[in-house]
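Residues per chain are reported as follows:
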Amino acid sequence: MSLLKINQGNPLIHCITNYVVANFTANGLLAIGASPVMADEIAEVGDMVSVASGLLVNIGTINGRTKEAMIVAGRKANEVGIPVVLDPVGVGATAFRRETVKNLLREIKFDLIRCNTGELAAIAGVNWDSKGVDSGVGEIDIEQTAKAIAKQYNCFVIVTGEVDIATNGESIDYIAGGHELMTKITGTGCLLSAICTAALAVERNNLSILSDVLKDYKKVAEKARQKEWLGTVQQEVLNQLHQIAGGRA
Amino acid sequence: MSLLKINQGNPLIHCITNYVVANFTANGLLAIGASPVMADEIAEVGDMVSVASGLLVNIGTINGRTKEAMIVAGRKANEVGIPVVLDPVGVGATAFRRETVKNLLREIKFDLIRCNTGELAAIAGVNWDSKGVDSGVGEIDIEQTAKAIAKQYNCFVIVTGEVDIATNGESIDYIAGGHELMTKITGTGCLLSAICTAALAVERNNLSILSDVLKDYKKVAEKARQKEWLGTVQQEVLNQLHQIAGGRA
Amino acid sequence: MSLLKINQGNPLIHCITNYVVANFTANGLLAIGASPVMADEIAEVGDMVSVASGLLVNIGTINGRTKEAMIVAGRKANEVGIPVVLDPVGVGATAFRRETVKNLLREIKFDLIRCNTGELAAIAGVNWDSKGVDSGVGEIDIEQTAKAIAKQYNCFVIVTGEVDIATNGESIDYIAGGHELMTKITGTGCLLSAICTAALAVERNNLSILSDVLKDYKKVAEKARQKEWLGTVQQEVLNQLHQIAGGRA
């Protein structure tokens, strides 16, 4: 029901995201009836946030300039009272990303951190071998760490993987299903973060709408993989999102 | 016939455009037999314009640096005598965009402004609720405003919507048809602006070639929507452009 | 066998590439079982290179900032001993690109230059009419020039076209086949450069693995064009890469 609600609410989502997935993210938001806007000039992000219903901050191809834009936009979002979501892409990979995410978490009150296990470990300062922007491998008590981070920053935390978890710091929802083919195309995690932003824009402070989004996304993955051909998965994800958001699946 | 002419002329189109639609724009230009080149470094845009047959300026993800590049490129285009097209994406959304478009219109002589109703309203200084980069809703005499802007800046103005209009400030062409599915994927307006640049590159100062482009694009929309699946519309647009430009549809 | 080897090795490839093809490049690398990471902030590229197995430098939409990032990344790659590949997109089109490539070739020891004939001519200082980022037309002894450049910079040189050539400065491999449809979508050359980076990451200093990649890519082109529709070629390329890398074709 979460995607249907987004479709009815048609929230405008301001995305400061990476150029690798910008097109896929815009099309994914359009597919569920949200309106995307991408803008990262420091001089205008405040204005853009003021007309938006939600802000996504994704550090995938961040640079010094866009980092500043994220901070300006995030503060404005806090001021005007719209939800802000952080996607800390590859935060464990470089000192610059670790510092940046620390800054962002200090300057901005986030509603949600949406990450993979490697990124969670990096935020928590746990040792982890996080291959580039991939999740990587290591030992971590995902549930406890996610809860601790959610409490520390007073926000929801979603950690996606074979089984997704979503927590408010107290309770945890587990969402199984999906298909690993989703990890073989770029941007599925980034798009999920954008969709979560749209979900919080229509129903804030609600863990269950996020869990519903995760369930729908697992369904999307299962349907999309039925095509079996990797090259069409991106299109299938858009198709399935559109069907579910339109109440047709 | 307009796309066929572009295909025969094979113009090189220099695009300073946003990173959300850069790939789709490049593929769309290739599909109609034009050659795209994307370059936005201030130090080189003058050189690039000098070898190009047309310049597209699209402010979708503009920043301070690319704004300067647009001005340098636009002036050079005026100097060497190639057509310049403005796509004022979301100009009504922020003060920075309004200022930028004012600057661009002062510094550069454009051949065409290709916009939606909300963007037209913002350029004309008319009150309008322009949701992000979407068209939005409001009250405006589109025909009179488009004509006035065309006269003021001595250029063609195209306002796309359910019925497109194209004007030289005196007469107006109306182009109906198409399909609203085109508004559910990102970049169809941006690509249209790029195609209009290519059209003016092969036949300048000609309103009727622009109207022909709009008719062909409406046809593309009608064919593309027959697939009914949102995720494949982007591909279908490329397919149909390629067919029409190749004289096969 | 080259793609299969990449799939087994799963190298992390750091791409500093243009925003037009970033998504297609990431998906293409994922399709063959490599892991892409895109990062171009000067403050972090050194760290990113340190965890990567190969570095791709593509100047397609270069600017002053990313040029510096390329130099920092390239030097670090030389220092830590991972392969570096140069894709000198449209180097002949502007003085800035010519200067940039000169700088890059002076500051960085490349393992491979992957270019088209027009770009080869520009690097060699031969007269050539290189339409934008397209290959263009002119007179050049491709084999001799490629060999000379390979010797001068002590690297492999691949020049793609109707017949690809790959040289180490002494011998030359010729790879025929493919389909011209590959030149009608953007990013096929850029993706090939990324795949060559992945190939050198799993087997360095080996001309024959590069020739194998070229053969596989020609096969991809032949399979992809069987769909006949331009709009789906991008997807077909990903499909075919995935099949070959998975040992299924």
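Fair warning: this is a prediction, and the values are worked out from it, not measured in the lab.

Asker: Can you walk me through the packing of helix H2 (residues 22-31) of chain C against helix H10 (residues 233-245) of chain C in this structure?
Answerer: To characterise two packed helices, one gives the angle between the axes of the helices and the distance between these axes. Residues and elements named next belong to chain C. At a minimum axis distance of 8 Å, the contact between H2 and H10 shows a crossing angle of 25°. With respect to H10, the axis of H2 lies roughly parallel. Along its contact with H2, which presents Phe24, Asn27, Gly28 and Ala31, the element H10 presents Gln234, Val237, Leu238, Leu241, His242 and Ala245. Residues of the contact of H2 with H10, tallied by class, amount to six nonpolar, four polar and no charged.

Asker: Just checking my understanding: could you explain the UniProt feature "binding site: substrate" (unreviewed entry) in chain A for this structure?
Answerer: UniProt tags Met38 and Gly187 of chain A as "binding site: substrate" (unreviewed entry). Excluding its chain neighbours within four sequence positions, the residues that come into contact with Met38 of chain A are Cys15, Thr17, Ala22, Thr25 and Ala26 of chain A together with Val20, Gly60, Thr61 and Arg97 of chain B. Relative to the helices and strands, Gly187 of chain A resides in the loop between strand S8 (172-175) and helix H8 (188-202). What Gly187 of chain A contacts, discounting residues up to four positions off in sequence, is Val21 and Phe24 of chain A.

Asker: Looking at this model, I keep getting lost on the UniProt feature "binding site: ATP" (unreviewed entry) in chain A. Mind explaining?
Answerer: Residues and elements named next belong to chain A. When the UniProt feature table is mapped to this numbering, "binding site: ATP" (unreviewed entry) covers Arg114 and Thr160. Look at the named residues: they lie 47 residues apart in sequence, but the longest C-alpha span between them is just 7.6 Å, so in the fold they bunch up. With respect to the helices, strands and loops of the structure, Arg114 is situated in strand S5 (residues 112-116). Those residues in contact with Arg114 that lie beyond four places of it in its chain are Leu86, Asp87, Pro88, Ile158, Thr160, Gly189, Cys190, Leu192 and Ser193. At a separation of 3.1 Å, a polar atom in the side chain of Arg114 contacts the main-chain carbonyl oxygen of Gly189. Looking at the secondary structure, you find Thr160 in strand S6 (residues 156-160).

Asker: Looking at this structure, how should I read the interface of chain A and chain C?
Answerer: Many structure descriptions define interface size as the accessible area lost when the parts assemble. Chain A puts 27 residues into the contact, and the matching count from chain C is 29 residues. Where chain A abuts chain C, roughly 2,400 Å² becomes buried across the two surfaces, and 56% of that area is made up of carbon and sulfur atoms. Taken together, chain A and chain C are joined by one salt bridge. The shortest N-O distance in the salt bridge between Glu44 of chain C and Arg97 of chain A comes to 2.7 Å. Connecting chain A to chain C are ten residue pairs in polar contact (both at pLDDT 80 or more). Those elements that place two or more of their residues in the side of chain A that touches chain C are helix H5 (95-107) and helix H10 (233-245) of chain A. It is H5 of chain A that contributes the most residues to the side of chain A that touches chain C, three residues altogether. Residue classes in the side of chain A that touches chain C are distributed as eleven nonpolar, twelve polar and four charged.

What counts as what
- Residues numbered from 1 in each chain as written.
- Chains lettered and ligands numbered in written order.
- Predicted model: local features only at pLDDT ≥ 70, side-chain atom pairs only at ≥ 80, totals over all residues.
- Heavy atoms only, no water.
- Axes fitted to C-alpha atoms, helices over the stretch in contact; angles between N-to-C directions.
- Helix = DSSP H or I, 4+ residues; strand = E, 2+ residues; numbered from the N terminus.
- Parallel < 35°, antiparallel > 145°, perpendicular 65-115°, else oblique.
- Contact = heavy atoms within 4.5 Å.
- Nonpolar A, V, L, I, M, F, W, Y, C, P; charged D, E, K, R; others polar.
- UniProt positions renumbered as here; feature names shortened; annotations may be inferred.
- Polar contact = N/O pair within 3.5 Å; in protein donor to acceptor, adjacent residues only side chain to side chain.
- Buried area = accessible area lost by both parts, 1.4 Å probe.
- Salt bridge = Lys/Arg side-chain N within 4 Å of Asp/Glu carboxyl O.

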